[in-house]
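Next come the chains, spelled out residue by residue.
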Amino acid sequence: MSFDQKEIFSLMYKLARLIVPDTRLEHDSMGSMHVPLDRLYGPQTMRSLLKFPIGGVAERVPRALIIALAIVKKAVAETNKMFGLEERLSVAISQACDDIISGKLYDEEHFPLVIWQSGSGSHTIMNVNEVICNRAIGILGGQLGTRNPVDPDEHVNRSQSSNDGFSTAINIAVAMQLRDKLYPALMLMIELLDKKSSQFKDIIKIGRTHLMDAVPLTLGQEFSGYRQQLVNCRKRLDTGLSRLYQLPLGGTTVGSGLNTKKGFADECLKGVAKITNLPFVNAPNMFESISACDAIVEVHGELNSLAASTMKIANDIRFLGSGPRCGFSELKLPENEPGSSIMPGKINPTQCEALTMICAQVMGNQVAVTIGGCNGNFQLNAYMPMIASNVLRSITLLGDGIKSFSNNCLSSIEPNLVRINTIMSESLMLVTALSPHVGYERSAAIAKAAHKNGTTIREEALKAGISTDDFDKWVRPEKMLGPN
């Protein structure tokens, strides 16, 4: 019997697969699946990969959530040791969790699932269970994929449900990201605004309401308003965060705690609090905490509020820096990069633009989080992966965006004193200082005449019979910055 070259290569490939296979066969309650040999996940993860090919790498479950799930699994493994789990298994599971938490083991190829999956996040729970299981088997010297001596369901998932585990992990991930990502950036911006408020405290400029000229204020007062906006946002976030510290871990499937022992939930929460160094406690009502996502919706509402405040600030700074010849041009923004491929020398407020685009995205995320939050049914919300992904994305975008804006724009802003003083001297609303002395109607006539004639308030006031001494005594911008 003879073979052509193509058939020979085909036979050689099949023989190579038999000698050094690139997959292993794993079994579970649903049957058998071939799993890539160099992956630590198992058949349940593989099924999700095959059945939910949605969006690709960009739509994968956020790393912060995987780490939070590893924290949950570690705390539970150490608690299970107190309630009968063999010590060597508990230690191996805990060590495998440490490898994920520290980043030593974290590899997106081991955690490949997308957020578009089971609405309870159970596919990702199973993915984490399988990775921890196989890593623990390796630590104990067993054979990968055998479920011996560690089983992902019997040991890694002992005394848990995906329902309480995933709900808990969302809160942990969001709380940690607020602390580590958003709060430092927010405090940086608040501190810079405070510094600018002090630096600009004696620079008097014209105010604007309805986009029209108004009475004077200092540039420092204007920036103090921006600072207070962000301080208020931080306070509201703190209030929302206090609810995130209430975890349903130990509530298992519906909140009843079925298949756990008395005291289990308390010990788990002590472990989570110790690992994260955050004040996590038991939820006052686990049925509510598992069935509803109100706390996380509230937190994203505050992120949405922060986006609204930040967009206002960035837009104000963008407009105050507009010009350099034909705009407001009261602020000099840093010249970071060329602004046009056709107009030489043009500079654009790109940091403002990036931040306002981020704010628009966060506002869009708010819609998705709200819809997800209100669509839970009975004892479980089945929109949790989407909710978690949007909240974590908003935190990341705001944290990175605010930090970039602060370092690359806000820190280097300078006032354009010549332009500020020119606009100030030409303002018609300085006439407001005349009103208590000559009356509203007469003051209005002076302002209208100045506008019509293209003159100053001073010129028209003198024409109207007000003495130079009186005008100079009454119309003093530095005396118009607060109560008389």
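The rules behind the values
Per chain, residues are indexed from 1 in the order of the written sequence. It should be noted that, the model being predicted, local features are given only for residues of pLDDT at least 70 and side-chain atom pairs only at 80 or more, the latter also being counted only at that level, while totals for whole chains, interfaces and linings use all residues. The side-chain values count all of the structure's non-hydrogen atoms but skip hydrogen atoms and water molecules. Segments assigned H or I by DSSP are reported as helices when at least four residues long, segments assigned E as strands when at least two residues long, and all are numbered from the N terminus. Within these notes, the globule rule equals 2.2 Å times the number of residues to the 0.38 power, and the radius of gyration is based on C-alpha atoms. Note on contacts: a residue pair qualifies if any of its non-hydrogen atoms lie within 4.5 Å across the two residues. The sign given to each residue is positive for Lys and Arg and negative for Asp and Glu; His and the chain ends receive no count. For charged residues, the charge sits on one atom: NZ in Lys, CZ in Arg, CG in Asp, CD in Glu. By definition here, a salt bridge exists when the distance from a side-chain nitrogen of Lys or Arg to a carboxyl oxygen of Asp or Glu is within 4 Å. The rule is simple: take the accessible area with a 1.4 Å probe, protein chains only, and divide by the maximum for that residue type; under 20% is buried, over 50% is exposed, in between is partly exposed. Any helix carries an expected span of 1.5 Å times its number of residues minus one. Ring pairs are drawn from Phe, Tyr and Trp, using the six-membered ring of Trp, whenever the two centres fall within 6.5 Å, and their geometry is named by plane angle: stacked under 30 degrees, edge-to-face over 60, tilted for the rest. In our convention, an over-ring charge means Lys NZ or Arg CZ found within 6 Å of a ring centre and within 35 degrees of that ring's normal. Throughout this description, the term nonpolar core refers to a set of buried Ala, Val, Leu, Ile, Met, Phe, Trp, Tyr and Cys residues connected via side-chain atoms within 4.5 Å. What counts as an axis is a line fitted to C-alpha atoms, over the stretch in contact for a helix, and the angles between N-to-C directions run from 0 to 180 degrees. Angle categories are assigned with fixed cut-offs, so that under 35 degrees is roughly parallel, over 145 is roughly antiparallel, 65 to 115 is roughly perpendicular, and the rest are oblique. With the far helix as reference, a near helix turned anticlockwise by less than a right angle produces a left-handed crossing, and one turned clockwise produces a right-handed crossing. Note on residue classes: Ala, Val, Leu, Ile, Met, Phe, Trp, Tyr, Cys and Pro are nonpolar, Asp, Glu, Lys and Arg are charged, and everything else, Gly too, is polar. Throughout this description, a polar contact denotes any pair of N or O atoms lying within 3.5 Å of each other; where both atoms belong to protein, one of them has to be capable of donating a hydrogen while the other can accept it, and for residues adjacent in sequence the pair is counted only when both atoms sit in side chains. A pair of strands is considered paired only if DSSP assigns at least 2 bridges between the two.

Engineer: Account for the overall build of the chain, naming residues and giving values.
Structural biologist: Counting secondary structure elements, the chain contains 18 helices and eight strands. Whereas a compact globule of 484 residues would reach a radius of gyration of roughly 23 Å, the chain reaches 31 Å, over 25% beyond that. Principal-axis analysis of the C-alpha atoms gives the chain an extent of 115 × 70 × 35 Å. Restricting to contacts in the chain with at least 6 residues of sequence separation, those with at least 24 account for 72%. Distance between charge centres in the chain, computed from 49 positive and 48 negative side chains, equals 2 Å.

Engineer: I'd like a rundown of the pattern of salt bridges, residues and numbers included.
Structural biologist: Taken as a whole and assessed by the stated rule, the structure comprises 28 salt bridges. Between Asp151 and Arg147 there is a salt bridge; the shortest N-O distance is 3.6 Å. Residue classification places Arg147 among the buried positions, given a relative accessible area of 19%. Of the charged contacts in the structure, one is a salt bridge between Arg243 and Glu288, with a shortest N-O distance of 3.9 Å. Placement of the pair is Arg243 in helix α8 (residues 219-244) and Glu288 in helix α10 (residues 286-291), with a sequence separation of 45 residues. Residue classification places Arg243 among the partly exposed residues on the basis of a relative accessible area of 30%. Residues participating in the shared-partner salt-bridge network are Asp38, Arg39, Arg60 and Glu109.

Engineer: Before we move on, can you summarise α8 with the specific residues and values?
Structural biologist: With 26 residues, α8 should reach 38 Å at 1.5 Å per residue; the first-to-last C-alpha distance of 38 Å fits that figure. Buried residues of α8: Leu219, Gly220, Glu222, Phe223, Tyr226, Leu230, Val231, Cys233, Leu237, Gly240, Leu241 and Leu244, and no others.

Engineer: Requested: an account of the packing of aromatic side chains, with residues and values cited.
Structural biologist: The geometry of two aromatic rings is summed up by the distance between their centres and the angle between their planes. The final tally for this structure, using the stated rule, is four aromatic pairs. Considering the side-chain rings of Phe83 and Phe264, the 6.1 Å spacing of their centres and the 70° angle between planes classify their relative orientation as edge-to-face. Taken together, the residues span a long stretch of sequence, with Phe83 in the loop between α3 (63-82) and α4 (87-102) and Phe264 in helix α9 (residues 264-276) at a distance of 181 residues. Looking at Phe83, the relative accessible area reads 24%, which means it is partly exposed. The ring of Tyr183 is capped by Arg234, whose NZ or CZ atom sits 3.8 Å from the centre of that ring.

Engineer: Could you give an account of the nonpolar core, with specific residues and numbers?
Structural biologist: Most often, soluble globular proteins keep nonpolar side chains buried together rather than apart. Among the nonpolar cores identified, the biggest contains 108 residues, and Val174 and Leu178 are the most heavily contacted of them. Top contributing element to this core by residue count: helix α7 (residues 162-199), with 17 residues. Setting aside anything within four residues of it in sequence, one finds Val174 in contact with Leu244, Ile296, Val299, Val391, Leu392 and Ile395. Judged by nonpolar contacts, the second largest core, of 20 residues, contains Leu430, Val438, Ala450 and Ile466.

Engineer: Go over the packing of helix α11 (residues 294-320) against helix α12 (residues 350-374) with me, naming the residues and quoting the values.
Structural biologist: Relative orientation and spacing of two packed helices are given, respectively, by the angle between their axes and the distance between those axes. Running from N to C, α11 and α12 cross one another at 160°; their axes reach a closest spacing of 9 Å. Put simply, α11 runs roughly antiparallel to α12. Crossing angle aside, the handedness with which α11 passes α12 is left-handed. Considering only residue class, the contact of α11 with α12 consists of 14 nonpolar, nine polar and two charged.

Engineer: I'd love a proper account of the packing of α11 against helix α13 (residues 384-408), names of residues and values included.
Structural biologist: Here α11 crosses α13 at 30°, and the two axes come no closer than 11 Å. In this view, α11 runs roughly parallel relative to α13, as classed from their interaxial angle. Every pair of crossing elements has a handedness; the one defined by α11 and α13 is left-handed. When α11 is examined against α13, the residues Ile296, His300, Leu303, Leu306, Ala307, Thr310, Ala314 and Ile317 are found in contact with a partner set consisting of Ile387, Asn390, Val391, Ser394, Ile395, Leu398, Ile402 and Phe405. Looking at the contact of α11 with α13, its residues break down into twelve nonpolar, four polar and no charged.

Engineer: Break down the side chain of Ser389 for me, with residues and values.
Structural biologist: Inspection of the secondary structure puts Ser389 in helix α13. The class for Ser389 is buried, based on a relative accessible area of 15%. Sequence-distant contacts of Ser389, defined by excluding residues within four places in its chain, comprise Pro62 and Ile115.

Engineer: Quick rundown of the environment of Arg236? Include the residues and the values.
Structural biologist: By the element assignment, Arg236 lies in helix α8. Remark: the alpha-carbon pair of Arg236 and Glu298, spanning 62 residues in sequence, is separated by 9.8 Å. Beyond its immediate stretch of four places on either side in the chain, Arg236 contacts Glu302 and Ser305. A distance of 2.9 Å separates the side chain of Arg236 from the side chain of Ser305, its partner in a polar contact.

Engineer: Residues and numbers for the pairing of strand β2 (residues 31-36), please.
Structural biologist: In this structure, strand β1 (residues 23-28) lies alongside β2, joined through six bridges in antiparallel fashion. Paired with Leu25 across the bridge in β2 is His34.

Engineer: Before we move on, can you summarise the environment of Ile413 with the specific residues and values?
Structural biologist: Position of Ile413 among the secondary structure elements: in the loop between α13 and β8 (414-415). On the basis of relative accessible area, Ile413 is assigned to the buried category, the value being 0%. Sequence separation between Ile413 and Leu331 is 82 residues, and the spatial gap between their C-alpha atoms is 6.7 Å. The contacts of Ile413, once residues within four sequence positions are left out, are Lys196, Phe200, Ile317, Leu331, Lys332 and Leu333.

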